[in-house]
Amino acid sequence: MSSLRTESLVDVTMPQMGVSVAEGTVVAWRVAVGDRIEAEQTICDISTDKIDTEVPAPATGVVAELLVDVDQTVEVGVVMARIATGDGAAGAPAETQPAPAAAASAQTQPAPAAAVSAEGEPTAAVAAAGAPAAGPGRGDAPGRRYSPVVSRIAAEHGVDLSAVRGTGRGGRVRKQDVLAVVNGNGHAAAAEEPPLHIESPYRPDPPAAPRAPAAPAVVADGGLSRMRRQIGQHMKRSLDTAATCTTWAEVDMSRVQAARRTLGVTALAFVARATIDALREHPALNAWLDGDDYTRCEDVNLGIAVSLGDDGLIVPVIHRAHELSVEGLAARIKDIARRARSRELTADDVQGGTFTITNPGQFGSIMATPIINLPQVGILDLEAIVKRPVVVTDADGNDSIAIRPMTILGLSWDHRALDGALSAQFLATVRRRLEDLPA
């Protein structure tokens, strides 16, 4: 009597990576139909408008189907592959469906319109589109192609891909190979990391340069980039959905400035710590509102907006931020900013945020109206710290004018879930914690 065999199929879907991510592109398959794969083993590389990452297999088994071609873009939740598990997986045929080939797909893809920088050189966007690198690599066939992820990182850090030894299947250059070169040869360290925060918006005037005829602007066909479109859609959806109000508070940062010089960290770390403490006192702001479902979150998973320059912005999340000190927060903020700009964030790094801080003060702005990052109900805006004359009152009640480093905090909040009084109380708590730091 033959033994009973059971088999089931497990779907591999395009993951959700951040609330504003609606789609992703398969960059490369790491497996073929019929291959044995272990749970958590990488099954494919994907690229989104926010991050480039690897998708792990959800189960152990045999690859039964690959349903999405390389370079194909699909919406979040679309089934990309299926894995056969159970007894039947052991006897799965070696080939039931051809695996999409990166090279074949690249041959049929139309060439992207060339974007040109002011100096006349191709921009990183061209490399990111998956254009072939010039020249063969070591031990590789001439004209080999690289994934958009690899090409974009290489272009940003000036890495010659023909000199990179690939560790992928068939000598393929993977993202990890390029990042190893970046971290090993000093390219990343040589570039000054853009600040998340400054003390003053004022800059000395740059030296006068000879006037020259301006080069005509070159705009790539297609208008806005995919990232800009996704950001715009998410922000518009937030404005259409949330009953957005904004409340501002002025804060004397004198004690923060003194403390940060002692610890050698940025003021943002102190604002983050004060915000976390205020969220613990006013938990109604550490919440999600999805339709009519309002959920207060126990953990403070703090999102920090990071500018990617012309590529837009991203909001990586510091999970369980309430467990970190000022120094710990400073280290985590620096780390996520570096990884965001190096395209090293994972899917977990951009999910689960319960409250967000944005800080455009580095460009000299003094007041803004941030847009809520749905489904969160609040976002705090940190502006530039500027020395201004203010009225101060001493212990005896006497007023005088003094120079103080001041900033404005702006809180945008969802009137569906909160009221103005609670929002003002929250800002007052943040201000008190910043102004009453131990001297």
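What counts and how
Residues numbered from 1 in each chain as written. Predicted model: local features only at pLDDT ≥ 70, side-chain atom pairs only at ≥ 80, totals over all residues. Heavy atoms only, no water. Helix = DSSP H or I, 4+ residues; strand = E, 2+ residues; numbered from the N terminus. Buried < 20%, exposed > 50% of the residue type's maximum accessible area, 1.4 Å probe, protein only. Contact = heavy atoms within 4.5 Å. Areas by Shrake-Rupley, 256 points an atom, 1.4 Å probe, with all protein chains shown as cover. Salt bridge = Lys/Arg side-chain N within 4 Å of Asp/Glu carboxyl O. Pairing = 2+ DSSP bridges. Polar contact = N/O pair within 3.5 Å; in protein donor to acceptor, adjacent residues only side chain to side chain. Axes fitted to C-alpha atoms, helices over the stretch in contact; angles between N-to-C directions. pLDDT = per-residue confidence, 0-100. Phe/Tyr/Trp six-rings, centres within 6.5 Å; stacked < 30°, edge-to-face > 60°.

A few words now on the overall build of the chain. The helix and strand inventory of the chain stands at 10 helices and 19 strands. The burial tally for the chain puts 45% of its 439 residues in the buried class. Of the contacts formed within the chain by residues at least 6 apart in sequence, a portion of 67% connects residues at least 24 apart. Total accessible area computed for the chain in this model is approximately 22,000 Å², and 54% of it derives from carbon and sulfur atoms.

Another point: the pattern of salt bridges. All chains considered together, the criterion is met by 18 salt bridges. When the shortest N-O distance is used, the salt bridge between arginine 82 and aspartate 11 registers 3.0 Å. Of the two residues, arginine 82 sits in strand β8 (residues 79-86) while aspartate 11 sits in strand β1 (residues 7-13), which places them 71 residues apart along the sequence. Among the ionic pairs, aspartate 277 bridges to arginine 273, the shortest N-O distance being 2.7 Å.

Strand β17 (residues 378-382) sits mainly inside the fold: five of its five residues count as buried. Neither face of β17 is left uncovered, since the one carrying Gly378, Leu380 and Leu382 and the one carrying Ile379 and Asp381 both have all their residues buried. As paired strands, strand β16 (residues 355-358) and β17 are joined by three bridges and run parallel to one another. Residue pairing in the sheet places isoleucine 357 in a bridge with leucine 380 of β17. Across five bridges, the pairing between β17 and strand β19 (residues 399-414) is antiparallel. Looking across to β19, one finds that aspartate 381 is bridged to glycine 410.

Moving on: the side chain of glutamine 376. As for its placement among the helices and strands, glutamine 376 is situated in the loop between β16 and β17. A residue is classified by how much of its surface remains accessible, and glutamine 376, at 5% relative accessible area, is buried. Of note is the side chain of glutamine 376, whose polar atom sits 3.5 Å from the backbone nitrogen of phenylalanine 355. Engagement of the side chain of glutamine 376 in a polar contact is seen with the side chain of threonine 356, the distance being 2.8 Å. Non-local contacts of glutamine 376, meaning those with residues more than four positions away in its chain, are made with Ala287, Trp288, Gly353, Thr354, Phe355 and Thr356.

We now examine the environment of aspartate 419. Its location among the elements puts aspartate 419 in the loop between β19 and α10 (420-435). When its relative accessible area of 49% is taken as the criterion, aspartate 419 is described as partly exposed. Each C-alpha atom, one on aspartate 419 and one on cysteine 245, is 9.3 Å from the other, the two residues being 174 residues apart in sequence.

A few words on the pairing of strand β18 (residues 386-393). Two strands pair when backbone bridges link them, and β18 and β19 are joined in this way by eight bridges, in the antiparallel orientation. When the bridges of β19 are listed, proline 389 appears paired with isoleucine 403.

Now for the sheet that holds strand β5 (residues 52-56). An order of β5-β4-β2-β7 is seen for the four strands of this open sheet, with the pairing classed as antiparallel. Each having just a single partner strand, β5 and β7 (73-75) make up the two edges of the open sheet. Geometrically, the sheet is characterised by an average inter-axis angle of 40° between neighbouring strands, direction not taken into account. Relative to strand β4 (residues 42-47), strand β2 (residues 23-29) runs antiparallel, the two sharing four bridges. Note on β4: the bridge partner recorded for tryptophan 29 is cysteine 44.

Once that is clear, we can look at the confidence of the model for the chain. Here the chain averages 79 in pLDDT, while 73% of its residues score no lower than 70. Confidence over residues 1-5 falls short of pLDDT 50; this stretch has four contacts with residues more than four positions distant or in other chains. Low pLDDT, under 50, characterises residues 185-193; the stretch is placed with 10 contacts to residues that sit more than four places away or in other chains.

Structurally, the position occupied by alanine 337 is in helix α9 (residues 326-341). Relative accessible area serves as the criterion here: at 0%, alanine 337 is assigned to the buried category.

Let's shift gears to helix α7 (residues 254-263). Within the span of α7, buried status applies to Val256, Gln257, Ala259 and Arg260. Phi turns positive one or two residues past the end of α7, at glycine 264, with a value near 70°.

Moving on, we come to the packing of aromatic side chains. Under the defined criterion, the tally for this structure stands at one aromatic pair. On the basis of an interplanar angle of 55° and a centroid distance of 5.7 Å, the ring pair of phenylalanine 355 and phenylalanine 426 is categorised as tilted. Of this pair, phenylalanine 355 sits in strand β16 while phenylalanine 426 is found in helix α10, placing the two residues 71 residues apart along the sequence.

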